[in-house]
Amino acid sequence: MVADRDLLVHVLTARPLRLHVALLNPDGAAGPVWVPRLLRPLGAFVRLAVLDGAGETRFETTEPKFKPKLRPEDDESYLSLEPGYSHGAIFEAELGEVAAGAYTLRVTYRTLDYRGSPDRPVGEVTLTEESELVIGD
């Protein structure tokens, strides 16, 4: 885990599950950080899990087959985030048979093969954020 990046998660709606997920270079950071431009498709870089009160997984994304248009070794595949700036996207998932109730939403971001170029290393980054998710009737 890299301490100079944070993961922001904001739930927009519970059913369908719509959320905004962003990588943040915290305000007051020492300088800019490089982050991969790619965040989609859901299940690749950003993974979701919905856990019940007993910690049992009731929903999770699966890893999709995808062929990224941006190559991991190219500088153009990355963005520079100045302190206080973020880069994110809105994701949507159908929760299927998950019943109404209170859950824990676990969102994990991983860089996969996008670890930077020789001139701009990013490293392996894994960030996880958990929040309460309440699903109504």
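Higher on the page you've got the structure.
Residues numbered from 1 in each chain as written. Predicted model: local features only at pLDDT ≥ 70, side-chain atom pairs only at ≥ 80, totals over all residues. Heavy atoms only, no water.

Q: Explain the overall build of the chain to me, using residue names and the numbers behind them.
A: Counting its secondary structure elements, the chain contains 0 helices and 9 strands. Going residue by residue from the N terminus, the α and β elements of the chain occur as β-β-β-β-β-β-β-β-β. The C-alpha radius of gyration of the chain comes to 16 Å, within 12% of the 14 Å expected for a compact globule of 137 residues. Along the first, second and third principal axes, the C-alpha atoms of the chain reach 50 × 35 × 25 Å. For the chain, buried positions account for 37% of its 137 residues. The long-range fraction of contacts in the chain, counting pairs at least 24 apart against all pairs at least 6 apart in sequence, stands at 70%. Taken as a whole, the chain presents about 7800 Å² of accessible surface, with 47% of it coming from carbon and sulfur. (Helix = DSSP H or I, 4+ residues; strand = E, 2+ residues; numbered from the N terminus. Rg over C-alpha atoms; globule rule 2.2 N^0.38 Å. Buried < 20%, exposed > 50% of the residue type's maximum accessible area, 1.4 Å probe, protein only. Contact = heavy atoms within 4.5 Å. Areas by Shrake-Rupley, 256 points an atom, 1.4 Å probe, with all protein chains shown as cover.)

Q: So what about the sheet that holds strand β7 (residues 86-93)? Which residues, and what values?
A: Note on sheets: strands pair through backbone hydrogen bonds, and any given pair is parallel or antiparallel. With antiparallel pairing, the 3 strands of this open sheet are ordered in space as β1-β2-β7. The outermost strands of the open sheet, each flanked by one partner alone, are β1 (6-13) and β7. Each adjacent strand pair in this sheet contributes to an overall mean axis angle of 20 degrees, direction not counted. Sheet topology places β1 next to strand β2 (residues 17-24); 7 bridges connect them, and they run antiparallel. Across the sheet, residue His-10 finds its bridge partner in β2, namely His-20. (Pairing = 2+ DSSP bridges. Axes fitted to C-alpha atoms, helices over the stretch in contact; angles between N-to-C directions.)

Q: Could you give me a rundown of the nonpolar core, with the residues and numbers involved?
A: By size, the foremost hydrophobic cluster in this structure holds 34 residues, and its most contacted members are Leu-95, Val-107, Tyr-109 and Leu-133. Taken together, the elements giving at least two residues each to this core come down to β2, β3 (33-36), β4 (46-51), β6 (78-81), β7, β8 (101-110) and β9 (126-135). Not counting the four nearest positions on each side in its chain, Tyr-109 is found in contact with Leu-7, Leu-23, Pro-36, Leu-39, Phe-45, Val-46, Val-125, Thr-126 and Leu-127. (Core = buried A, V, L, I, M, F, W, Y, C linked by side-chain atoms within 4.5 Å.)

Q: So what's going on with unusual backbone geometry? Which residues, and what values?
A: Omega for the peptide link from Arg-15 to Pro-16 comes to -5 degrees, which places this bond in the cis form. Its place among the elements puts Pro-16 in the loop between β1 and β2. At the junction of Arg-40 and Pro-41, the peptide bond is cis and its omega measures out at 10 degrees in the coordinates. Relative to the elements of secondary structure, Pro-41 occurs in the loop between β3 and β4. Positioned with a positive phi, Leu-112 is a non-glycine residue whose angle comes to about 55 degrees. Residue classification places Leu-112 among the buried residues on the basis of a relative accessible area of 18%.

Q: Requested: an account of the pattern of salt bridges, with residues and values cited.
A: Summed over all chains, the structure comprises 8 salt bridges. As a salt-bridge pair, Arg-71 and Asp-74 come within 3.0 Å of each other at their nearest N and O atoms. By relative accessible area, which is 22% here, Asp-74 ends up partly exposed. Between Asp-75 and Arg-120 there is a salt bridge, with its nearest N and O atoms 3.8 Å apart. Highlighted residues: Asp-75 in the loop between β5 (57-60) and β6 and Arg-120 in the loop between β8 and β9, separated in sequence by 45 residues. Judged by its relative accessible area of 28%, Arg-120 is partly exposed. Via salt bridges that share partners, Arg-71, Glu-73 and Asp-74 belong to a single interconnected network. (Salt bridge = Lys/Arg side-chain N within 4 Å of Asp/Glu carboxyl O.)

Read these as spatial facts, not as claims about activity.
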